[in-house]
Amino acid sequence: MTNRRALGVTGAVIALSLTLSSCGLVRDLTSSEGEEEPAASEETTAQVTAEDVELPFVRQGRMFVEGGNDVAVETTVKALENDGEYLMLDFSREILEFINGDDVSYAGAPLRLVDPVSGEVLLPITDEGHGEPYGSYFIEGSDLVPIHEQLPAPIRRYFPAPSEDVEFLTLTGLTAGHVPGVPVTYVDEFTPLPEPDVHDYVDPETWVIEQDLPEDEIVYPETPPEPGLDTTGFVQSMESFVDGATASTTRAGDEEVIALHADGMFEFDESDPTDAAVDTIREAAQSLRENLGEDVAITVVGHTDGKGADGYNQTLSEERAEAVRALLEEELGADFTLTTEGRGAEELLAEEGGDDDEEARARNRRVEFSYEVPMADNGTEGGGGLDTATRHVGPPAPYFEELDPFTTVAHEDLDLNVYPMVRDGAYLFQMVGFQNSTLTDLEADLEGDEASLPGSPQQYTEGTMGGFRLEEPGTGVIRYVIRIRAGEGEYEDFADEILTLSPGEEYLALAVFPAPGPEVGEMTLYAGAFGEIPGVPVQ
């Protein structure tokens with residue numbers, strides 16, 4: 001029997017919480033036959049039930065380790081159970097290569113379960129007492145575990161149950177990238193954990209192996225969550241931003257905001273809407289009818305740019321909001337409750353004073369409609385409204401094993417392999433592969449180029465995939481990377497970060513966007529420093 005190593009405190013150890021902060025990369029998307037799986041149609045996908053899908057799902061990816069010592073990891077999703085209060089994710093991790101170094105740590109995109117229809121994001125539940133996730137552990141209260149190369153280690157993590165009963169959820173992170181179509185099994189009680197045996201082989205005091213490890217897998221103990229925990233802090237929502245010529249729409253959870261671009265609606269220093277503004281407001285009213293039921297409260301909010309005195313800007317924003325409210329009321333009648341606010345230059349979307357100052361100020365001059373939409377509302381495909389305000393919600397995507405790159409583009413010493421986009425519920429999941437073409441380690445310095453995004457909200461130009469966005473052919477509507485709303489004023493991009501790139505290896509990263517209509521079969525990807533990539537297929 002091969003003696004697989006359990007590395008002690010003088011050797012390499014790794015955080016079990018890596019399953020909370022996994023880099024979200026897919027390494028192996030190829031079936032054994034090497035043939036492309038046909039894309040499932042919406043009709044076919046809608047007819048599939050959770051009982052029709054068998055686990056496990058297997059993905060391989062590269063795990064970033066500090067210092068560039070990344071390693072190949074295989075993740076196997078074995079079960080996802082729902083007892084009505086919590087979800088239990090049962091999976092295993094196997095490190096396929098030897099890790100050099102002593103204590104090692106690792107960073108990247110966190111483990112998430114996503115309802116791709118509602119946009120609800122579920123995070124692993126953490127014990128507030130010591131900050132560690134509920135589930136598997138080696139030493140209770142510690143985030144460190146021994147590393148067993150080429151030996152699967154089963155791990156459990158617990159999540160809040162989703163707000164709605166769902167058959168499928170999408171998993172991201174875990175060095176597994178985009179794993180759609182994970183079936184949810186509804187149970188009265190979670191499947192019991194096998195008797196833990198890790199301490200039969202590894203001394204918990206010294207972390208030194210005492211006898212040969214088993215050939216199949218090793219079992220860790222676990223701490224399941226107690227009933228009745230407050231899990232609201234582990235439920236987040238995806239915020240989408242869709243931008244068009246006359247309006248943009250932002251949605252996070254049940255909150256939606258339509259922003260009409262004021263430059264097309266008002267003359268300079270005026271609060272009376274132009275003739276063109278009347279048509280725009282009618283389109284907005286049609287969108288509100290399609291998106292909302294009756295007797296919904298809508299707040300009309302006026303904004304200015306940062307130029308001028310605060311008092312003047314406040315008054316102008318109030319007057320413009322009131323003028324738009326009056327026109328909107330004519331279109332909607334008495335079925336909605338309309339109120340107005342003026343916020344002057346308090347809430348700037350784009351940073352002013354730069355090379356794109358004119359575009360930035362135009363972005364900040366706007367009138368918004370703010371309202372709530374039930375999470376269960378799957379949107380409409382009606383006509384006559386604003387393109388940016390139409391929500392396109394399809395069924396969850398099925399699990400897939402293979403994608404071939406659509407094209408490859410280069411920037412300096414980096415190649416970017418662009419894969420087809422996958423339509424999953426109300427979102428597009430875009431995989432790209434970063435590849436170092438040099439013979440030495442390379443840092444991926446790819447912060448978004450603000451000059452290439454004149455007037456864009458500054459939050460969309462940050463990070464490795466900063467500046468990534470999609471343009472819908474024909475309409476010119478722009479779809480930005482989804483942001484995850486973690487709390488009041490707290491956001492993070494739903495896009496992976498790339499760290500040190502080893503020579504020759506491909507590091508696949510995931511970015512998520514709001515989906516266009518079902519008739520759209522391809523999109524133009526603006527890939528930050530890599531430029532414009534037209535015709536990327538949607539499947």
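Refer to the structure presented above.
A quick note: this is a predicted structure, and the numbers were derived from the prediction, not measured. Residue positions are given per chain, counting from 1 as you read along its sequence in written order. Reporting in this predicted model follows two pLDDT cut-offs: at least 70 for local features of residues, and 80 or more for side-chain atom pairs to be given and counted; totals over whole chains, interfaces and linings ignore these cut-offs and use all residues. Neither water nor hydrogens contribute to the side-chain values; these are computed over all heavy atoms in the structure.

1. Details of the nonpolar core
The criterion, for reference: The term nonpolar core refers to a set of buried residues drawn from Ala, Val, Leu, Ile, Met, Phe, Trp, Tyr and Cys, joined through side-chain atoms within 4.5 Å. For every residue, the accessible area obtained with a 1.4 Å probe (protein chains only) is divided by the maximum for its type, and the residue is called buried under 20%, exposed over 50%, and partly exposed between those limits. The secondary structure listing takes helices from DSSP runs of H or I that are at least 4 residues long and strands from runs of E that are at least 2 residues long, numbered from the N terminus.
If you look at the biggest cluster of nonpolar residues, it comprises 29 residues, and the most contacted ones within it are L416, F434 and F468. By residue number, the principal contributor to this core is strand β30 (residues 506–514), which donates 4 residues. Counting 28 residues, the second largest nonpolar core, distinct from the first, contains I281, A321, V324 and L327.

2. Quick word on the pairing of strand β14 (residues 235–243)
For clarity, the cut-off: By the convention used here, strands pair only if DSSP detects at least 2 bridges between them.
The buried count for β14 comes to 8 of 9 residues, which makes it a mostly enclosed element. Alignment of strand β6 (residues 120–122) against β14, held across 3 bridges, turns out to be antiparallel. Bridge pairing in β14 links V121 to Q236. With 5 bridges joining them, β14 and strand β15 (residues 247–252) adopt antiparallel strand pairing.

3. As for a negative patch on the surface
This is how the line gets drawn: By definition, no residue in a patch forms a salt bridge, and every one has over 30% relative accessible area; like charges are joined within 9 Å, nonpolar side chains (Val, Leu, Ile, Met, Phe, Trp, Tyr) within 5 Å. Shrake-Rupley sampling with a 1.4 Å probe provides the accessible areas, and residues are treated as covered by the protein chains on show and by no other component. Any Lys or Arg side-chain nitrogen found within 4 Å of a carboxyl oxygen on Asp or Glu counts as a salt bridge. By the counting rule applied here, Lys and Arg register as positive and Asp and Glu as negative, while His and the ends of each chain are not counted. In plain terms, the charge of a residue is placed at NZ if it is Lys, CZ if Arg, CG if Asp and CD if Glu.
A cluster of like negative charges, contributed by E267, D269, E270, D272, E318 and E319, occupies part of the molecular surface. Classification of D272 by relative accessible area gives exposed; the value is 54%.

4. Quick notes on unusual backbone geometry
Residue L55 is joined to P56 through a cis peptide bond whose omega torsion reads 20 degrees. Its location among the elements puts P56 in the loop between α1 (42–47) and β2 (57–63). Positioned with a positive phi, W207 is a non-glycine residue whose angle comes to about 60 degrees. Here W207 is to be found in the loop between α2 (198–201) and β13 (222–223).

5. Description of helix α5 (residues 357–364)
Heads up, the rule is: Comment: arc refers to directions from the helix axis out to C-beta atoms. Should any heavy atoms of two residues lie within 4.5 Å, those residues are considered in contact.
All buried positions along α5 are accounted for by A360, R361, R363 and N364. In an axial view of α5, the angular spread of the buried residues amounts to 155 degrees, which keeps them on one side of the axis. Against β14, β15, β16 (255–261), β17 (296–303), β19 (366–372) and β26 (478–480) lie the buried residues of α5.

Note that all results are geometric; they support no functional claim without further evidence.
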